[in-house]
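Each chain is listed here by its residues.
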Amino acid sequence: MPNKYVLPEEAAFLTNPEAAAADRITRQDFWLLAKQRQGHPITHEAGNRLHDLEVRISGRPTLVHVVTDSDPEPEPPTPAMTEVEAGRLRALPAIRAAVARKLHLGGGEAA
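What counts and what doesn't
Residues numbered from 1 in each chain as written. Predicted model: local features only at pLDDT ≥ 70, side-chain atom pairs only at ≥ 80, totals over all residues. Heavy atoms only, no water. Helix = DSSP H or I, 4+ residues; strand = E, 2+ residues; numbered from the N terminus. Expected span 1.5 Å × (residues − 1). Phe/Tyr/Trp six-rings, centres within 6.5 Å; stacked < 30°, edge-to-face > 60°. Buried < 20%, exposed > 50% of the residue type's maximum accessible area, 1.4 Å probe, protein only. Salt bridge = Lys/Arg side-chain N within 4 Å of Asp/Glu carboxyl O. pLDDT = per-residue confidence, 0-100. Patch = residues over 30% accessible without salt bridge, like charges linked within 9 Å, V, L, I, M, F, W, Y side chains within 5 Å. Areas by Shrake-Rupley, 256 points an atom, 1.4 Å probe, with all protein chains shown as cover.

Moving on: helix α3 (residues 24–37). The end-to-end C-alpha distance of α3, which contains 14 residues, comes to 20 Å, matching closely the 20 Å that a straight helix rising 1.5 Å per residue would cover. At the exit of α3 stands Gly39, carrying a positive phi of roughly 90 degrees.

Put into structure tokens, the structure is as follows:
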């Protein structure tokens, strides 16, 4: 059974002309949620008509299409290697060789 109420913060926002005019997106979201709770959900098609009406009344589109020349989600830059990391990478072959010699000379597992 649908609820026949609007939340107090929604009602305060929707009945304040200045607030509702200043934030069109919140106004529409609160209104759609209130209609849904009352058992009158707005269909996708009706939502599109409301959006078109909003654009005609205000002259401003809600969504803006942005075209970029580059990749819209580029990979983050690879962090620069520190001197310590570079030194560790240079030392790895010598470390592996020392461990291998220790294993070979000790005749078993490294300590």
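Let's pick the thread back up.
With that out of the way, let us pick up the packing of aromatic side chains. Using the criterion set out here, one finds one aromatic pair in the structure. Their ring planes at 85 degrees and their centres at 5.4 Å tell us that Phe13 and Phe30 sit as a pair that is edge-to-face. Here Phe13 is found in helix α1 (residues 8–14), whereas its partner Phe30 is found in helix α3, with 17 residues between them in sequence. Look at Phe13 and you get buried, because its relative accessible area is 15%. Looking at Phe30, the relative accessible area reads 21%, which means it is partly exposed.

Once that is clear, we can look at the pattern of salt bridges. Scanning the model with the defined rule gives two salt bridges in all. The closest approach of N and O atoms between Glu10 and Arg37, which form a salt bridge, is 2.4 Å. One end of the pair, Glu10, is in helix α1; the other, Arg37, is in helix α3, and 27 residues separate them in sequence. Overall, the relative accessible area of 4% leaves Glu10 in the buried class.

With that out of the way, let us pick up the environment of Leu7. Among the structural elements, Leu7 can be located in the segment before α1. For Leu7, a relative accessible area of 27% corresponds to the partly exposed category. Note: C-alpha distance between Leu7 and Phe30 (23 residues apart in sequence) is 9.2 Å.

On to the confidence of the model for the chain, then. Taken residue by residue, the chain gives an average pLDDT of 77. The fraction at 70 or more is 77%. At the low end of the mean pLDDT range in the chain sits helix α4 (residues 44–58), at 76; at the high end sits helix α5 (residues 83–106), at 89.

With that out of the way, let us pick up a nonpolar patch on the surface. There is a patch of nonpolar side chains on the surface, built from Trp31, Leu50, Leu53 and Ile57 and spanning about 360 Å² of accessible area. On the secondary structure map, Leu50 appears in helix α4. The class of Leu50 is partly exposed, set by a relative accessible area of 30%.

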